[in-house]
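Listed here are the chains, written in short residue letters.
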Amino acid sequence: VQLVESGGGLVQAGGSLRLSCAASGRTLVFSNYNMGWFRQAPRKEREFVAAIKWSGGSTTYADSVKGRFAISRDNAKNTVYLQMNSLKPEDTAVYYCAADWAGALRVGVQEYDYWGQGTQVTVSS
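A brief structural summary. Counting restarts for each chain, with residues numbered from 1 along the sequence as it is written. Residues qualify for local features only when their pLDDT is at least 70, as the model is predicted, and side-chain atom pairs are given and counted only at 80 or more; totals for whole chains, interfaces and linings, by contrast, use all residues. With hydrogens and water set aside, each side-chain value is computed from the structure's full complement of heavy atoms.

1. Some thoughts on the side chain of Asn34
Relative to the helices and strands, Asn34 resides in strand 4 (residues 34-40). Definition of a polar contact: a pair of N or O atoms within 3.5 Å, with one able to donate and the other able to accept a hydrogen when the atoms are protein atoms, and with sequence-neighbouring residues admitted only if both atoms are side-chain atoms. Side-chain polar atoms of Asn34 contact the backbone nitrogen of Trp54, separated by 2.8 Å. A helix here means a DSSP run of H or I that spans at least four residues, while a strand means a run of E at least two residues long, and both kinds are numbered starting from the N terminus.

See below:
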């Protein structure tokens, strides 16, 4: 499974960005995977942001982004999205998408099987 993120960039505080993550692979069945977004700021641990169940029917968010970010997916396009609104300077990080072959939604970095290379999001004050 290969994951490629896009949509990062520089935005002013209060602005919005939409990240995309396209999945591919010869044997990939995208709808078999729960998908997550994580982020890592300089000198900090990678942290959970949001996750969505394989069906799209359930989501979960970190408290720090709840009400501002929205995760969604399009299984026909093998793509997961992260809509980020009301961005704050503390949201600045490299954002990674990840795939997890599991039933329940999970939030641990170690629990995800496949990772993308990341996309930089910088929020200026």
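After that view, the rundown keeps rolling.
2. What about the state of the cysteines?
Cysteine sulfur pairs qualify as disulfides if the two atoms are within 2.5 Å. In this structure the tally under the stated criterion is 1 disulfide. Bridging Cys21 to Cys97, the disulfide has an S-S length of 1.9 Å. Disulfide Cys21-Cys97: torsion about the S-S bond near 45°, hence right-handed. In this pair, Cys21 sits in strand 3 (residues 17-24) while Cys97 sits in strand 9 (residues 93-100), placing the two residues 76 residues apart along the sequence. The rule is simple: take the accessible area with a 1.4 Å probe, protein chains only, and divide by the maximum for that residue type; under 20% is buried, over 50% is exposed, in between is partly exposed. On the basis of relative accessible area, Cys21 is assigned to the buried category, the value being 1%.

3. Some points on the sheet that holds strand 8 (residues 79-84)
Strands qualify as paired when DSSP identifies two bridges or more between them. Taken in spatial order, the 4 strands make up an open sheet running 1-3-8-7, and their pairing is antiparallel. With one partner strand each, in any of the chains shown, strand 1 (2-6) and strand 7 (69-74) form the two edges of the open sheet. Within this sheet the neighbouring strands show an average axis-to-axis angle of 15°, counted without direction. Across 5 bridges, the pairing between strand 1 and strand 3 is antiparallel. Paired with Gln2 across the strands is Ser24, a residue of strand 3. Lines fitted to the C-alpha atoms define the axes, with helices restricted to the stretch that makes contact. Angles between their N-to-C directions range from 0 to 180 degrees.

4. Notes on the environment of Arg73
Counting through the fold element by element, Arg73 comes out in strand 7. The spacing of Arg73 and Gly57 is 16 residues in sequence and 10.0 Å in space, taken between C-alpha atoms. When neighbours within four sequence positions are excluded, Arg73 is seen to be in contact with Phe30, Ser31, Tyr33, Asn34, Met35, Ile52, Lys53, Trp54, Gly56, Thr79, Val80 and Tyr81. In this structure the side chain of Arg73 is engaged in a polar contact, spanning 2.8 Å, whose partner is the backbone oxygen of Tyr33. Residues count as neighbours in contact if any of their non-hydrogen atoms are within 4.5 Å of one another.

5. Some thoughts on the side chain of Arg68
Here Arg68 shows up in the loop between strand 6 (59-61) and strand 7. Among the polar contacts made by the side chain of Arg68, one reaches the main-chain carbonyl oxygen of Ser86 at a distance of 2.9 Å. When neighbours within four sequence positions are excluded, Arg68 is seen to be in contact with Gln83, Met84, Asn85, Ser86, Leu87, Lys88 and Asp91.

6. A word on the packing of aromatic side chains
Side-chain rings of Phe, Tyr and Trp, where Trp is taken by its six-membered ring, are said to pair if the distance between their centres is within 6.5 Å; with planes under 30 degrees apart they count as stacked, over 60 as edge-to-face, and otherwise as tilted. Summed over the entire model, instances satisfying the criterion amount to 7 aromatic pairs. Here the aromatic rings of Phe38 and Trp115 are separated by 4.9 Å at their centres, their planes lie at 55°, and the arrangement is tilted. You can see Phe38 sitting in strand 4 and its partner Trp115 sitting in strand 10 (residues 114-115), a full 77 residues away along the chain. By relative accessible area, Trp115 is classed as partly exposed at 24%. Consider the rings of Tyr96 and Trp115, whose centres lie 6.4 Å apart with planes at 75°: the pair is edge-to-face. Separated by 19 residues along the polypeptide, Tyr96 in strand 9 and Trp115 in strand 10 bring together distant segments of the chain. Three or more aromatic residues link up through ring pairs in this structure, and these residues are Phe38, Phe48, Tyr96, Tyr112 and Trp115. When the ring centre of Tyr81 is taken as origin, the NZ or CZ atom of Arg18, which lies over that ring, is 4.0 Å away. Across from the ring centre of Phe30, 4.4 Å away, lies the NZ or CZ of Arg73, which sits over that ring. Any Lys NZ or Arg CZ found within 6 Å of a ring centre and within 35 degrees of that ring's normal is scored as a charge over the ring.

Keep in mind these values describe shape, not function.
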